[in-house]
Structure formats: structure tokens, C-alpha cells
Amino acid sequence: MKKSCLFLSLCLITAALSAQKVPLDQNVYDGWRSIGQSSISDDGKWISWELNPQQGDGWLFLHNVLSGETDSAFCGFRSAFSPGCRYFAYQVKPTYSDTRQGKKKKLKDDQMPKNGLAIRLLPGKQVTQVKRVKSFDIPETGSDWMAYLLEKKAEEKKEPKSTPDTFKIVKLSSKGGKKAPEPKGTEFVIFNPVSGKEFRYPDVVEYAVAQNGASISFLQEIIDTAKIENIRTSVFDTKKEVTSLIFEGKGSAKKLSSDKSGNRISFLYTSDTSKVKIYDLFLWKGGKKALKVADTTNAAMPRGWSVSENGALTFSEDGTKLFFGTAEKPVKEPEDTLLADEKYKLDIWSWDDPVLQPMQKKQLEQEQKRSYQAVYLIDKGTVVQLADKNMPLVRTMQKGNNDIALGSSDLKYRILSSWDANSYTDYYTVNIRTGVKILILEKSPSRVIMSPTSKFLVYWDIKEKIWWSYAIPTGIRKVISSGIGFPLFNELNDTPGEPAPYGIDGWLDDEKHVVIRDRYDLWLADLDGVEAPVNITNGFGRKNNITFQYQQFDKDAIFIKKKEPAFLSGFNNLTKEAGYYSLRSFDKADPSLLISGRCTFSGLTKAKNSASAIWRKSSYVSSPEIYLGDLSFEHSIKLSVSNPQQSKYIWGTAELVEWNSFSNEKLQGILYKPENFDPALKFPMIVYFYERSSDQLYTYTPPVPSASRINIPYAVSNGYLVFVPDISYVTGYPGQSCYNAVVSGTNALLDRFSFIDRKKLGLDGQSWGGYQIAYLVTQTDLFACAYAGAAVVDMISAYGGIRWESGMSRMFQYEMDQSRIGGTLWDKPLQYIGNSPIFQVPRINTPLLLMNNDADGAVPWYQGIEFITALRRLGKPAWMLSYNDEAHNLLKRPNRKDISIRKMEFFDHYLKDAPMPYWMKYGISQEEKGKRDGYELINEK
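The written sequence of each chain sets the order in which its residues are numbered from 1. It should be noted that, the model being predicted, local features are given only for residues of pLDDT at least 70 and side-chain atom pairs only at 80 or more, the latter also being counted only at that level, while totals for whole chains, interfaces and linings use all residues. Only hydrogens and water are set aside; all other atoms, that is, all heavy atoms of the structure, feed into the side-chain values.

### Some thoughts on unusual backbone geometry
With an omega dihedral of 10 degrees, the bond running from Leu122 to Pro123 counts as a cis peptide bond. A run of DSSP states H or I qualifies as a helix once it reaches four residues; a run of E qualifies as a strand once it reaches two. Both are numbered from the N-terminal end. Here Pro123 is to be found in the loop between strand E8 (116-121) and strand E9 (127-130). Residues other than glycine seldom take positive phi values, yet Glu511 does so here, at roughly 50 degrees. When you line up the elements, Glu511 lands in the loop between strand E34 (504-507) and strand E35 (513-517). Its identity as a non-glycine residue notwithstanding, Asp885 has a phi of 55 degrees, on the positive side. For Asp885, the position within the fold is in the loop between strand E55 (878-881) and helix H12 (893-912).

Here you go:
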């Protein structure tokens, strides 16, 4: 690791920049950087963070809090501090250029550039570099030992160039057979960076580092001369520095797992060498050898079942329980004797199928690998089957060392998911030691939450809008939210479905109280339902329009400590300012403000054994940066500098605007302006919207190639205003609701600000926003042009269609969710017709740019086809971008760059009178596809 001169360089670069700022262009994207993983050491003396460009090579930074010095590592990522902060380890990526060249040369996987590993001793600067490292792991506590697994060695020999591509050379062994198969494993290293000691082992396929650092276990698969896999499982004792062989056999093994203490190791093993394998569960608990503890002969195992190779192996916190999966024994498929053209291929859709055929296809692999939770009770030496085919899911609370689990089943209600947005589920308590299950909730539409030690359950009643508790030992149910007097559900919900609750923020350490949120404040609720709820934020949130939420620092904590001060995030719903507050106790008191501002805070992380903390702070004009301080927030320093080049470009400002909609509802929105804004000039304005967005007033939006929506910084930098209005909805009238909000907001700005060119207004929206734009242009000619991405234009055909990414029916979306019709097609046919733009295409006079991709899994491609063919027939100016094999929002970076260019050329033509580009003027034929992009502007005189 080299000492960084990055900050000095950044200052010099900034100083050298011309005072004359320039607009953002389409070439700035790749180098725009963002903060990646960040962490603070347990002692608070070291801070690390990644800084990565959108495309290219990033940097890993390490800051010494005591000296104030910051060092950097080129291409570093995925870092970790050791227990006691005696060293710092991270991986090193190959450069972007090297990886690209490898792909270009079509190198084999083992010849491609691979990640490395770097280990730096602290507080010094000595760094150990290791090439070609697949993975590494460091314990959370207790030991300086770490482990890493190397990649396979790169193959050096190449096949002769004269060998035709259509032939493959098969090397034979000296006995005349085929070459022995390559070993699956690679070299494994157990290393102590502090002492410099290391132990190396060949052919390792899996390893596990105990959380407390007491042991490191590993699996080896050694292929002998007879091509038989020899399995060896070993445990390295980090105190004694001795490796013990705990299992040896011929066959296959997988799923190596360690408990927290490192004194118990489990894995799956089979001696079966056939393709279809049946595994047994093995456990080592400190003796000489690992022993088989579960197989097909176990009495608790359902008949015809076995240990599943797809189930996870996990231990309870105290190591007394080993959870694993079971399933029906895999069966060898009979030999297929038919040719492909002798087989029929058929899907049979049945009216009473619980799950539609497309959804079954999407879930097929998941179902084929489904396992059912079981447990091996180590203290009793017995297996208990917890889940079964009637109750397939069981959630255990391993951290609490509990004997009660939560079981659930939605099997009876799966058919309802096609049209009902509620996820109905039956819930059970399951005794881990006996397997006895008790039905506690039937057809519950709300999620059930179990307390950390399984004494209570809490759940939301969506009809009565109240919270209930269920005492597991007694089965007594109590309402715990009566007397609060304020809605505990989303007050802004405007879909036909039931509003969701604001939620539970945590359990107090007496496990007699739970923290409930309303829209603004926190309440302490008695789980026994005896004491009245206490507003622990004293109504301060509601009085000041601030939404509070509890901040959890310790990721391993299962309770909120009642006697310790609490820290809360706070968001002002009117001004959009954010900050942090302290609460001295869980009694009734006003929160004390620690820090706030016209910005966004995130990632607040406290050092485990120190008062130091780090967080990220950003605003619309400042990218997120790492700050260091303590929880008083009185003295803090900024550590990172992500994008100094931003000062070279024209940026923008964001201001909150308010108006009354046509239905006389007060709404908010954001108006973005160029930073060189001159109110004496006229500016074109693009209106972008999606539900409600005004809470993002102080959110940083980097210039990135667009996945679908307008890139606001780019547009503003290039002389546009951008208006983002909030929308509220009335069930049955989503299109008209959008009109009431968006057109009223646009008119309000036109009346208020003379600098908006009322003849140069555009619309931009994607998905739900795309639908609303398609509807708007049938109702008004206010806008000079519009972009509508992935728009549904025919609610009738969409209602009966499939969301192909999930295989789900789209009915629920229209009846209860975002599309907001609020009833079936046969109950409300006029609403489906009236809200469908396709029936009103003749009224459209606005030029349109559409995007509908042929692999869109959310909005069917044919929606775009219906729209463009109707517009085409009626002679309406319109273009449709249809990216091949692309999703609802563009995933591939070249496609994102392409739409960014085409969308702005479209807007520039209609809103800035720029010449029309070739692709708009003449189109791109199939013959030109891939040969010509058509970006060039056509000047006609």
C-alpha cells in the first residue's frame, strides 16, 4: 500500500480548472465516482472506504485517525480489519483494461486475470501481496489467524495454432485412458500476519473460520490415480497451532459449517459415487472424529426422505442445535430413449392450479431444490423434523438460543395471489425440541414478528388497524396499541389495497415492551397489554412534522437497551431537512437535536469499542462523502473527496415548490434549475414524475447513463429546468389523478415564473410514469413532446396478462395495487377503458418517444407495439426504442449510454429547436442496424 497524494492532487486539479464552467456531456459518466463499502475499526483508530468509478478502476483508502494520514490502494476492495486491529486485509481486482483484454482474447477462465490479496500490518506500512486469491476470511473476535483460498494455477500450455477449431485434442494417460479429471480444490492457506506463521494444504474446496477465531476448518477432495475422490475434513486449532483430521472417506462432501465457538463442525457426506447422491449429516463436537448424526434410517425423518444437499447448515448461538434441511430422496431419472423430434412439448393450464404455469416455470428450480427445516439436538442426540410439505417454512431465532420457531404456510392461498395483493399465510409456533406445532393465525395478511427469545409474537391487524401481541407460553392475545390515538399505518396510502403499518423498531431488553412507530413518533407498547402506550418522543415529531426512526449501531444486538441513550434519525416532512437526535431514556421526553441540515445522512456506524463514528452526508449539489466524528456530531471532519471534477461543470439547484391541485389538495414538488440561472431568460422545462418524489429534495443524483428516466443533472447542466411534482391518487381514476396533479403543478409554475418557456415543455417518465404520460397526452396539448418508457396503454390486455419476470398474473396490480382501478375488469369495465390511452390515440397531438424492450418482464413488449402501430396508422409522430434482450429498466451499459443520447436529442429537437438527428429523420433499418447509430444531426436549409 502506497501513501496517497490523492488529496493534494485533487486540490491541484481543482485549482487548475478554468473558472468558466461547461455543461455536462455524454462522455463524463464513466469517471464519476461513488463511495462503496466503508468501515471503522473496533477501536475507532482506522477508517476504510472504497471509491469506485462507474466504469474503470477504483481505489481503496485507509485513514489513520491518530496521525490524520490517508493511504490508498489501487483496485482494492472487500476489506476487513482483524480482531484487535492488528492488520488490515483486502482483495485487489485486476485492472479494467487487463480484464477487458482477457475477454477480447477469449481466454479460458483459469487464464483470465484474477483477484489478489493484500495484508497490511497496523500501524505500520508493511504489506504482504498474494496473487490469484479466490476468497479470504477473518474471524470477528479472538484470534489473529486468517484464511484464504487460492485460484487454480493458470494453464501455461496452449493447443497448437494449426489445430482446427472443429477438432479437440484429447490427451490420454499412459494407460491409454482419458486424462485424469482436474482436482476440484485449490491450495488453502492458514496465515497469521502478525507472527508470520502459515500452514498450506492442497485440494481444498471449502473452509469455515469460526466467529471467535478458535478454529479454522476445511474440506479437501483429493483425486487418486483411480479417479476416486478422497474426502478429508480437518480442523486447525489456532491456539495450539495444530491441525486434526476429523473425517476421512471416499465420495463427496459439502456444506462445511462451524458454530460460533469453533468447537462444533458439521458437513454433508456421501460415499455414493453415482450422479444422483444421497447425503448424510456429520457433526464433530470436539472429539477425535466427526460422526454421522442423521441419515435415511433416522426415525424422525419422514419416510422416503433424506438429508438435503440444498439446505443450509447453521448452529444456534450456544451451539446446542444444528439446523439442516431435509427433502424427498433424489431419484435417478429413467434413461431417455426418445429423440427430440419424437417428443411433444405441452403446458396444461388448469383452472384450479394454485400457481400459474409461467410462475411455476420461474419457480421450478427453486422448488426442485426446496428443503425442509430439521434440527439435530446436540445435547439429546436426536433429530426433530420441524417443517413439512404442509408447513414448508420455519424461521428460527438462532441468536436467542430459543426452543420455539415460527412456522408458516401460504399453500392454501396461493391461487389468490393472482388477484389479491395481500400475502395470506397461516402461522404456527413450532417447538424445536418436540416438533409440535400450534396454529396461531389463519389466513393472516400481515407479517408476524417474533421476539428475540421467542416469548412473544406481534402482528398487525389490517382491518382493525391495530397491533396485537401473542404470548407464546400462555397463548394469550392482547391489543397493545389501543390508546395511541394516531394512525399507525401509512397515512398517505392512495392505492385500493390496505395501507401498511409504519412498523416495529425493536424490542426492549426487558422483553416486555416493543417500540412502535406512527408517521412521526415512537411509542413504547406493553406486550402484556396492561400499561398504556407511552409516546417516548413526547409528540415532538407530530408537532414539528418530523419522522423519527430508531438507529441500531450493533448489528449483533437483539435488544434495545432501555437504560442507555437512544439515537434517532429525523426527517422533516415539510422542509425535507434531515438529521440525528438523541433520546436520553425510554421515558416521555423531547428528542435532543444533534445535527441537521439541508442534506441527506446515511450509513451511521459507531466503532464497537470507541466513541468514534462515521457517516455519509450529501445534498443535491454534493456527492455522498465519508465523515468522521462522534455521536455528539459537534466536531467532525470530511475524509473523502469523490468528485472534484464536478466544479468544472455547470451543476444545478433544487428548490421545493408548493401548489394546490385541481382538486384543491396542497402538493409539493421539486424545481431544478441550472446554477448559472438567469431569471431574465426563457428556459425549456421537462416534467418528470413517479408517485411522490419531493422527499428527495436533498438527494444527490450523479450524472449516469440512463436506465430509463431523465438524468436530471445532465438536463439542468445543459440549460433545462426540470420539474418533479408529487401525485396523489383517487381509486378508479389513476389517469385523471395524474392530470390533476401534474397539469395543475405545471400551470402553477407557468403562472408564477416568467422564465419558463410555455411553448417548450416536455414530459418524461418510465413504467408507471410512462403510463401516465401516455394518458396525459390524450388529455392535453400543453406539452411540446413526451418520452414514455415501458408504458401500459391498454389496461384490458394488461390486466389479463403476465408479469414475465415473476410469472405472476397482473390482475392484483389493477385491483389492489399501483394501477389503482380497485376492481375487476367485469366490475369496472368503464374505468379500464377510460384509463387506457389506446382508446384515445386520435386525440394525441404530442410527438412521442417510446421505449419498450422485447425482454421486459414487467410491462409486456406488446403494449409498446399496440401503441406505436396505432400512432403510425394515424400519422402521429412517434418513435419506439426497443432494446433487444433488455429488461424493464435497461441493464446493459452500452444501451444506457445509447438511450441517454437519443432521449436528449429528441428533447433538444422539440424543446431547443435543434436539428433532427438521422435516426429520427430517416429511422434505422435492419440493414443499417449495428452499422450506423444515426446520432448525427441533419441540417436542412
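### Some points on the pattern of salt bridges
When a carboxyl oxygen of Asp or Glu is within 4 Å of a side-chain nitrogen of Lys or Arg, the pair counts as a salt bridge. Tallied over the full model, the rule gives 50 salt bridges. Residue Lys463 pairs with Glu498 through a salt bridge whose shortest N-O separation is 3.4 Å. Of the two residues, Lys463 sits in the loop between strand E31 (456-461) and strand E32 (466-471) while Glu498 sits in the loop between strand E33 (477-479) and E34, which places them 35 residues apart along the sequence.

### Side note on the sheet that holds strand E44 (residues 625-630)
Taking strand neighbours across the sheet as the criterion, the four strands line up as E42-E43-E44-E45 in an open arrangement whose pairing is antiparallel. The open sheet is flanked by strand E42 (600-606) and strand E45 (637-638), the only strands paired with a single partner. Here, a strand pair is defined by DSSP locating no fewer than two bridges between the strands. Pairing analysis gives five bridges linking E42 to strand E43 (residues 612-618), with the strands arranged antiparallel. Considered in E43, the bridge of Lys606 is made with Ala613.

### Observations regarding the sheet that holds strand E26 (residues 393-395)
If you walk across this open sheet you meet the four strands as E26-E27-E28-E29, and the pairing is antiparallel. Every interior strand has two partners, whereas the edge strands, E26 and strand E29 (437-444), have only one. The average undirected angle you get between the axes of adjacent strands in this sheet is 25 degrees. Of the pairings in the sheet, the one linking E26 to strand E27 (residues 404-409) comprises three bridges and is antiparallel in character. Following the sheet pairing, Val394 is matched in E27 by Gly407. Only the stretch in contact is used when a helix axis is fitted, and all axes are lines through C-alpha atoms; the angle between N-to-C directions ranges over 0 to 180 degrees.

### Structural notes on the packing of helix H6 (residues 734-752) against helix H7 (residues 768-776)
Put simply, H6 and H7 touch, their axes get as near as 9 Å, and they point 85 degrees apart. Looking at the two axes, H6 sits roughly perpendicular to H7. Where H6 approaches H7, its residues Pro734, Gly735, Gln736, Cys738, Tyr739, Val742 and Val743 are matched on the opposing element by Trp768, Tyr771, Gln772, Tyr775 and Leu776. For classification purposes, angles smaller than 35 degrees are called roughly parallel, those larger than 145 roughly antiparallel, those between 65 and 115 roughly perpendicular, and all remaining angles oblique. What makes two residues a contact is simply this: any of their non-hydrogen atoms within 4.5 Å.

### Things to note about the nonpolar core
Residues Met685, Phe689, Ile756, Leu763, Leu848 and Phe867 are the most contacted members of the largest nonpolar core, which totals 54 residues. Take this core: its biggest share by element is seven residues, from H6. Not counting residues up to four positions away in its chain, the partners in contact with Leu763 are Ile686, Val687, Phe689, Ile773, Leu776, Val777, Phe783, Cys785, Ala786, Tyr787 and Phe907. The criterion is simple. A nonpolar core is a set of buried Ala, Val, Leu, Ile, Met, Phe, Trp, Tyr and Cys residues joined through side-chain atoms within 4.5 Å. Each residue is placed in one exposure class: buried if its accessible area under a 1.4 Å probe, protein chains only, is under 20% of its type's maximum, exposed if it is over 50%, and partly exposed if it falls in between. Counting 39 residues, the second largest nonpolar core, distinct from the first, contains Trp32, Ile670, Tyr672 and Tyr698.

### Looking at the environment of Tyr29
In this fold, Tyr29 is placed in the loop between helix H1 (6-16) and strand E2 (33-40). A C-alpha to C-alpha distance of 46 Å links Tyr29 and Leu830, two positions 801 residues apart in sequence. Each residue touching Tyr29, except ones within four places of it in the same chain, is listed here: Gln54, Pro703, Val704, Pro705, Tyr714, Arg893 and Ser900. For this analysis, a polar contact is any N or O atom pair within 3.5 Å, provided that within protein one partner can donate a hydrogen and the other can accept it, and provided that sequence-adjacent residues contribute only side-chain to side-chain pairs. There is a polar contact of 2.5 Å between the side chain of Tyr29 and the side chain of Gln26.

### Quick word on a nonpolar patch on the surface
A surface patch of nonpolar side chains, amounting to about 420 Å² of accessible area, comprises Tyr344, Leu346 and Ile348. Assignment of secondary structure puts Tyr344 in the loop between strand E23 (321-328) and helix H3 (357-368). Like-charged residues are merged into a patch within 9 Å and nonpolar side chains (Val, Leu, Ile, Met, Phe, Trp, Tyr) within 5 Å, provided each residue has over 30% relative accessible area and no salt bridge. Here the accessible surface of atoms and residues is derived via Shrake-Rupley with a 1.4 Å probe, and residues count as covered only by protein chains that are part of the display.

### Thoughts on the packing of aromatic side chains
Whether two aromatic rings pair depends on their centres lying within 6.5 Å, for rings of Phe, Tyr and Trp, where Trp uses its six-membered ring; planes under 30 degrees apart make the pair stacked, over 60 edge-to-face, and the rest tilted. This structure, assessed with the given rule, holds 46 aromatic pairs. With 5.5 Å between their ring centres and 40 degrees between their planes, Phe88 and Tyr90 make a pair best called tilted. Classification of Phe88 as buried rests on a relative accessible area of 0%. Seen from their ring centres, Tyr799 and Tyr814 are 6.2 Å apart, and the 75 degrees between their planes marks the pair as edge-to-face. Here Tyr799 is found in helix H8 (residues 795-799), whereas its partner Tyr814 is found in helix H9 (residues 811-815), with 15 residues between them in sequence. When its relative accessible area of 1% is taken as the criterion, Tyr814 is described as buried. Linked through ring pairs, Trp32, Tyr620, Tyr649, Trp651, Tyr672 and Tyr700 together constitute an aromatic cluster. The residue whose ring lies beneath Lys465 is Phe489, and the NZ or CZ to ring-centre distance is 6.0 Å. Geometry around Tyr918 places Arg932 over its ring, the cationic atom sitting 3.6 Å from the centre. Counting as a charge over the ring demands two things of the Lys NZ or Arg CZ atom: a distance within 6 Å of the ring centre and an angle within 35 degrees of the ring normal.

### Here we look at the pairing of strand E7 (residues 87-92)
Within E7, five of the six residues are buried, which leaves it mostly tucked inside the rest of the structure. With four bridges joining them, strand E6 (residues 76-81) and E7 adopt antiparallel strand pairing. Pairing of Gly76 across the sheet is with Val92, part of E7. Where E6 folds back onto E7 in an antiparallel hairpin, the turn is made up of five residues, including Gly84, whose phi is positive at roughly 80 degrees. Bridge count between E7 and E8: six bridges; the pairing is antiparallel. The residue of E8 that forms the bridge with Val92 is Gly116.

### Describing H12
The terminal C-alpha atoms of H12, which comprises 20 residues, lie 27 Å apart, in line with the 28 Å expected from a rise of 1.5 Å per residue. Of all the 20 residues making up H12, 14 are buried; the element is thus mostly covered by neighbouring parts of the structure. Phi for Asp913, located one or two positions after H12, is positive at around 60 degrees. Expected span, for any helix, means 1.5 Å times one less than how many residues it has.

### Digging into the pairing of strand E51 (residues 785-789)
Among the five residues of E51, five are classified as buried, and the element is accordingly described as predominantly covered. Bridge analysis of E51 against strand E54 (residues 848-851) gives four bridges, and the strand direction is parallel. Directly across from Ala788, in E54, lies its bridge partner Leu850.

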